[in-house]
Structure formats: structure tokens, C-alpha cells
Amino acid sequence: MRITSRQSVTLMLGLQLLVCALTALYALAFGQDQRTGVLAAVATLVYAVLFFAHWQGWYYVRHVTVALFTIFIAFGYNASTNPEIFIVTLMP
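Structural notes, computed from the coordinates.

Cut-offs used in this document
Residues numbered from 1 in each chain as written. Predicted model: local features only at pLDDT ≥ 70, side-chain atom pairs only at ≥ 80, totals over all residues. Heavy atoms only, no water. Helix = DSSP H or I, 4+ residues; strand = E, 2+ residues; numbered from the N terminus. Buried < 20%, exposed > 50% of the residue type's maximum accessible area, 1.4 Å probe, protein only. Contact = heavy atoms within 4.5 Å. Areas by Shrake-Rupley, 256 points an atom, 1.4 Å probe, with all protein chains shown as cover. Core = buried A, V, L, I, M, F, W, Y, C linked by side-chain atoms within 4.5 Å. Axes fitted to C-alpha atoms, helices over the stretch in contact; angles between N-to-C directions. Parallel < 35°, antiparallel > 145°, perpendicular 65-115°, else oblique. Left-handed = near helix turned anticlockwise from the far one by under 90°. Phe/Tyr/Trp six-rings, centres within 6.5 Å; stacked < 30°, edge-to-face > 60°. Expected span 1.5 Å × (residues − 1).

**A look at the overall build of the chain**
Next, step 1: When helices and strands are tallied, the chain shows 3 helices and 0 strands.
Next, step 2: Reading the chain from its N end, one meets helices and strands in the order α-α-α.
Next, step 3: Every one of the 92 residues in the chain was classed for burial, and the buried ones make up 29%.
Next, step 4: Intrachain contacts of the chain at a sequence separation of at least 6 include 56% that bridge at least 24 residues.
Next, step 5: Accessible surface, the chain as shown: approximately 6100 Å² in total, 73% of it carbon and sulfur.

**Describing the environment of T65**
Next, step 1: Positionally, T65 belongs in helix 3 (residues 61-76).
Next, step 2: Residue T65 is classed as buried on the basis of its relative accessible area of 8%.
Next, step 3: Taking the C-alpha atoms as reference, T65 lies 8.5 Å from L13; in sequence the two are 52 residues apart.

**So, the nonpolar core**
Next, step 1: With 10 residues, the main nonpolar core is built from V9, L13, C20, A43, Y47, L50, A53, V61, F69 and F72.
Next, step 2: Secondary-structure elements contributing two or more residues to this core are helix 1 (5-30), helix 2 (34-55) and helix 3.
Next, step 3: No other element matches helix 2, which puts 4 residues into this core.
Next, step 4: With sequence-adjacent residues up to four places away left out, L50 is seen in contact with L13, W58, V61, V64, T65 and L68.

**Things to note about the environment of L15**
Next, step 1: Topologically, L15 is positioned in helix 1.
Next, step 2: Taking the C-alpha atoms as reference, L15 lies 9.9 Å from Y47; in sequence the two are 32 residues apart.

**A few points about the packing of helix 1 against helix 2**
Helix-helix packing is described using two parameters, namely the angle between the two axes and the distance between the axes.
Next, step 1: Relative orientation of the contacting elements helix 1 and helix 2 amounts to 155°, with a least axis distance of 8 Å. Our classification of the angle between helix 1 and helix 2 gives roughly antiparallel. Relative to helix 2, helix 1 is oriented so that their crossing is left-handed.

**As for the packing of aromatic side chains**
Next, step 1: With the rule as written, the count across this model stands at 4 aromatic pairs.
Next, step 2: With a centroid separation of 5.2 Å and an interplanar angle of 85°, the aromatic rings of Y59 and Y60 are classed as edge-to-face.
Next, step 3: Judged by its relative accessible area of 49%, Y60 is partly exposed.
Next, step 4: By way of ring pairs, the aromatic residues W58, Y59 and Y60 are connected into one cluster.

**Thoughts on helix 2**
Next, step 1: When the terminal C-alpha atoms of helix 2 are compared, their 31 Å separation across 22 residues agrees well with the 32 Å that a helix rising 1.5 Å per residue should span.
Next, step 2: Where helix 2 is concerned, the buried positions are T36, G37, A40, A43, T44, Y47, L50, A53 and H54.
Next, step 3: Of the residues trailing helix 2, G57 is marked for its positive phi of about 105°.

Here you go:
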């Protein structure tokens, strides 16, 4: 059985969506840094839209995902003040 590129992108987007949702729930429920929780919640919504766009056949989802993930990490990763949000790096 061969895995197609569409199947691998679907799997990766699904994993990113799941990890974003779990990160948002954890950060909003237990974290002290509200910025991380809000950013993870926004990332969850964006990844849900990207997942739906990929499901509908939009080819450029892979490229947009890389660009947006880079932006989310740049604005959301603040390990110096809150090292427990290191989980956000597991989104890709």
C-alpha cells in the first residue's frame, strides 16, 4: 500500500489541528500566560480552515501552513518567561 502526498498532508494537518486544540485547552485552563492560550486558539481556528480547504482540494494549503506556522511560533514562543509552553513547538 502506497501513501499518497494527499494522505500525508491530510494526516499532518489533522495532527497539527489536534495539537493546536490541546495546546489551547491546556494554556487556557492551566497556563498563566493568556497570550499563549489565545494564540493557540487562533491557530486552532486557522488550522481548521486550512484542513477544510485541503479537504476541498486546495493545493496551496501546504505552503500557507508553513508560512503561518512560522508566524505563530515567532509571536507565541516565549520560553524565557514560561518554559512549560515548549509544547507549542510540537505543532508541526
